[in-house]
Amino acid sequence: MQLTTSIRSALIAGAAATVLFTGATGAVAAPAAPSASAIAPASAIAPASATAHSPYGQLRPLAALSAERLATADLVAAAKWGTGGPVDDPAREQEVLRAVAEQARQLGADPEVTVRFFRDQIEANKSVQRGLHRAWDADPGRAPAERPDLGQVRKEINRINHELVRALADSPQARSAPYCAALLTAAAVRVRHERHLDALHTGALARSLRSVCG
């Protein structure tokens, strides 16, 4: 919980600074209807200075991929919008958790750590979906006009999940280091800035990274 608070505070401070210095009040407004182009590959925003083997270089992909995964929440929310279906999908969630646990075993990573991390990813994703539905309820004019193919969106989520499992498997030393929280916070703040995340996605990013360090 302390880590989540630290990351959330740093991310919100970064968002506030962006608004103050740019005057872009829309930076924290409820997002409009999403599009598939909103999902940029994490490789497109890779750090230029950190090496892949440095502690920061190991933690940065977790923040970048988590943000990439959160972008899919916009599409999932749009796919479910107006259907009367719930945000929660226990069967799908269990399917994801079983898959990532098996992937972790194949990579020699800890399945329990991996499942715990992905529970946070799932909850963060659902928080974005609920936030968007509330925003669209309040302002129907911003609701999506088209419904994405949920099956195709889930294929993209599965791809990102696999990359996240590998990033977890590649970062045990950085994640157990005493400076993990500080480096992860720095990575998350940079990702927030590069992706221009609004308040909803900023809070969800902090939620998604809650159990990375430890």
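This text gives an overview of the structure that appears in the document.

The rules we used
- Residues numbered from 1 in each chain as written.
- Predicted model: local features only at pLDDT ≥ 70, side-chain atom pairs only at ≥ 80, totals over all residues.
- Heavy atoms only, no water.
- Disulfide = S-S within 2.5 Å.
- Helix = DSSP H or I, 4+ residues; strand = E, 2+ residues; numbered from the N terminus.
- Salt bridge = Lys/Arg side-chain N within 4 Å of Asp/Glu carboxyl O.
- Buried < 20%, exposed > 50% of the residue type's maximum accessible area, 1.4 Å probe, protein only.
- Core = buried A, V, L, I, M, F, W, Y, C linked by side-chain atoms within 4.5 Å.
- Contact = heavy atoms within 4.5 Å.

Some remarks on the state of the cysteines
Scanning the model with the defined rule gives one disulfide in all. Put simply, cysteine 180 and cysteine 213 are joined by a disulfide, and their sulfur atoms are 1.9 Å apart. The disulfide joining cysteine 180 to cysteine 213 has a torsion of about -75 degrees about its S-S bond and is therefore left-handed. Separated by 33 residues along the polypeptide, cysteine 180 in helix α7 (residues 180–195) and cysteine 213 in the segment after α8 (199–208) bring together distant segments of the chain.

Details of the pattern of salt bridges
Using the criterion set out here, one finds 14 salt bridges in the structure. For the salt bridge of arginine 60 with glutamate 194, the shortest nitrogen-to-oxygen distance reads 2.7 Å. Residue arginine 60 is found in helix α2 (residues 55–80), and its partner glutamate 194 is found in helix α7; the two are separated by 134 residues along the sequence. On the basis of relative accessibility, which here comes to 2%, the residue arginine 60 falls in the buried class. Looking at glutamate 194, the relative accessible area reads 27%, which means it is partly exposed. Aspartate 88 is paired through a salt bridge with lysine 126; the nearest N and O atoms lie 2.6 Å apart. Placement of the pair is aspartate 88 in the loop between α2 and α3 (90–106) and lysine 126 in helix α4 (residues 111–138), with a sequence separation of 38 residues. Take aspartate 88: its relative accessible area is 35%, and that puts it in the partly exposed class. Here the salt bridges do not stand alone but share partners, grouping Asp88, Glu93, Glu123, Lys126 and Arg130 into one network.

Overview of the nonpolar core
The nonpolar side chains of a soluble globular protein tend to be buried, and buried together. With 45 residues, the main nonpolar core has Leu62, Phe118, Trp136, Leu205 and Val212 as its most contacted residues. Breaking this core down by element, the ones donating at least two residues are α2, α3, α4, α5 (150–169), α7 and α8. It is α2 that contributes the most residues to this core, 11 residues altogether. When sequence neighbours within four positions are dropped, the list of residues in contact with phenylalanine 118 reads Arg69, Leu97, Val100, Asn161, Leu164, Val165 and Leu168.

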